[in-house]
Amino acid sequence: IEHQKSNTLFTGKKVLVSAGPTQEKVDPIRYFTNKSSGKMGFAIAEAAANMGAEVTLVAGAVNLETSNKNINRINVTTAAEMFETMHQQFQSNDIVIKAAAVADYRPKQIYDEKMKKQPNDWQVEMERTKDILQSLGDVKQDQFLVGFAAETSNALQHGISKLHKKHLDAIVINDVSVDGAGFGGDTNIVTYVNKSQQPEEVSLTSKYEVANRLMAFIARDMKDEVK
Ligand code: CTP
Ligand code: CA
């Protein structure tokens with residue numbers, strides 16, 4: 001396992017990472033979610049911890065383990081829970097990385113009992129969830145705030161507009177339509193964009209190596225930032 005790229009790049013730094021999908025239930029046995037496995041966010045948490053950071057990992061509904069003693073894991077299920085937890089943790093962290101795939105919509109009504117099937121169609125009305133990353137960008141002070149963008153077309157353009165709109169310091173753009181990139185697998189291909197430089201590509205490699213590369217970009221950009 002290539003998990004031992006230890007160094008002291010982030011010693012003394014506190015890193016908050018969110019990973020995985022949220023689940024938005026409609027009744028006791030059904031929910032809406034998305035294809036995120038959480039692997040990219042968990043790799044980032046591991047990489048940061050191995051670089052000396054004290055990591056808080058806010059995990060959605062994933063099937064992943066964490067054993068690193070520098071990672072404090074908090075499990076959440078819904079976008080609303082992730083919103084609360086991220087805001088509780090936000091002020092005490094130096095670097096915040098939002099790799100989670102948050103549901104944009106949730107059922108407007110949650111039924112207490114299982115919905116029995118009917119002869120006719122079932123229309124579920126959906127309402128917007130809050131954009132957690134946008135809300136963190138809006139209250140950000142000294143944190144270095146990094147978002148992800150999951151796109152299937154015009155990835156660079158969409159990603160860069162999210163960087164500015166959400167007041168981020170950097171964005172990791174993921175074209176999930178490309179083979180070897182995105183949801184579920186053990187590899188990824190991403191483009192890192194900060195506020196001043198040209199886009200930087202991380203070509204096809206393991207999610208853990210992508211995480212190492214991203215943490216190195218972040219370390220460089222925090223050093224370059226004039227505070
Ligand atoms: N995000 C969030 N809260 C939401 C939705 C998204 O914090 N309710 C965050 C994600 O964790 C990710 C970033 O925003 O870091 C971009 O998510 P993405 O789904 O690519 O973009 P959206 O802004 O939701 O726009 P759209 O899905 O319409 O492309
Ligand atoms: Ca979205």
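Just so you know, these numbers come straight off a predicted model, no measurement behind them.

Chemist: What is the right way to read the site of ligand 1 from this model?
Modeler: Taken together, 14 residues surround ligand 1, and among them Lys-98, Val-102, Ile-132, Leu-133 and Gly-147 come closest. Sorting the residues of the shell around ligand 1 by element identifies helix 3 (132-139) and strand 9 (144-151) as the ones contributing at least two each. With four residues, the top contributor of residues to the shell around ligand 1 is strand 9. Taken together, the residues of the shell around ligand 1 sort by class into eight nonpolar, two polar and four charged.

Chemist: Quick question: what am I supposed to make of the nonpolar core here?
Modeler: Val-17, Ile-44, Ala-45, Ala-48 and Val-146 are the most contacted members of the largest nonpolar core, which totals 57 residues. Top contributing element to this core by residue count: helix 1 (residues 39-50), with eight residues.

Chemist: Any chance you could explain the environment of Val-172 here in plain terms?
Modeler: As for its position among the elements, Val-172 is in strand 10 (residues 170-175). Spatially, the C-alpha atoms of Val-172 and Phe-148 are 4.6 Å apart, while their sequence positions differ by 24 residues. With residues near it in sequence (within four places) discarded, Val-172 still touches Val-146, Phe-148, Val-190, Tyr-192 and Leu-214.

Chemist: What exactly am I supposed to notice about the UniProt feature "binding site: CTP" (unreviewed entry) in the chain here?
Modeler: UniProt tags Asp-104, Lys-114, Phe-148, Lys-162 and Lys-166 as "binding site: CTP" (unreviewed entry). A maximum C-alpha distance of 38.0 Å is found for the annotated residues, which run over 63 residues; spatially they are spread out rather than grouped. Checked against the element boundaries, Asp-104 lands in the loop between strand 6 (95-98) and strand 7 (105-107). Assessed through the 14 C-beta atoms surrounding it within 10 Å, Asp-104 is described here as partly exposed. In this view, Asp-104 contacts Arg-128 and Thr-129; residues no more than four positions away in its chain are not counted. Here Phe-148 is to be found in strand 9. On the basis of neighbour counts, which here come to 26 C-beta atoms within 10 Å, the residue Phe-148 falls in the buried class. Sequence-distant contacts of Phe-148, that is, excluding residues within four places in its chain, are made with Lys-98, Ala-99, Val-172 and Asn-174.

Chemist: How should helix 2 (residues 79-90) be read in this particular structure?
Modeler: Think of an α-helix as 3.6 residues a turn; residues three or four steps apart then line up on the same face. Compared with an ideal rise of 1.5 Å per residue, which puts twelve residues at 16 Å, helix 2 spans 16 Å between its outermost C-alpha atoms and is within 8% of the ideal. If you check which residues of helix 2 are buried, you get Ala-79, Met-82 and Met-86. For helix 2, the buried positions fall inside an angular range of 55 degrees around the axis, keeping them on one side.

Reading the values: the criteria
- Residues numbered from 1 in each chain as written.
- Chains lettered and ligands numbered in written order.
- Predicted model: local features only at pLDDT ≥ 70, side-chain atom pairs only at ≥ 80, totals over all residues.
- Near = placed C-beta within 6 Å.
- Helix = DSSP H or I, 4+ residues; strand = E, 2+ residues; numbered from the N terminus.
- Nonpolar A, V, L, I, M, F, W, Y, C, P; charged D, E, K, R; others polar.
- Core = buried A, V, L, I, M, F, W, Y, C linked by C-beta atoms within 7 Å.
- Buried ≥ 20, exposed ≤ 12 C-beta atoms within 10 Å, placed from the backbone.
- Contact = placed C-beta atoms within 7 Å.
- UniProt positions renumbered as here; feature names shortened; annotations may be inferred.
- Expected span 1.5 Å × (residues − 1).
- Arc of directions from axis to C-beta.

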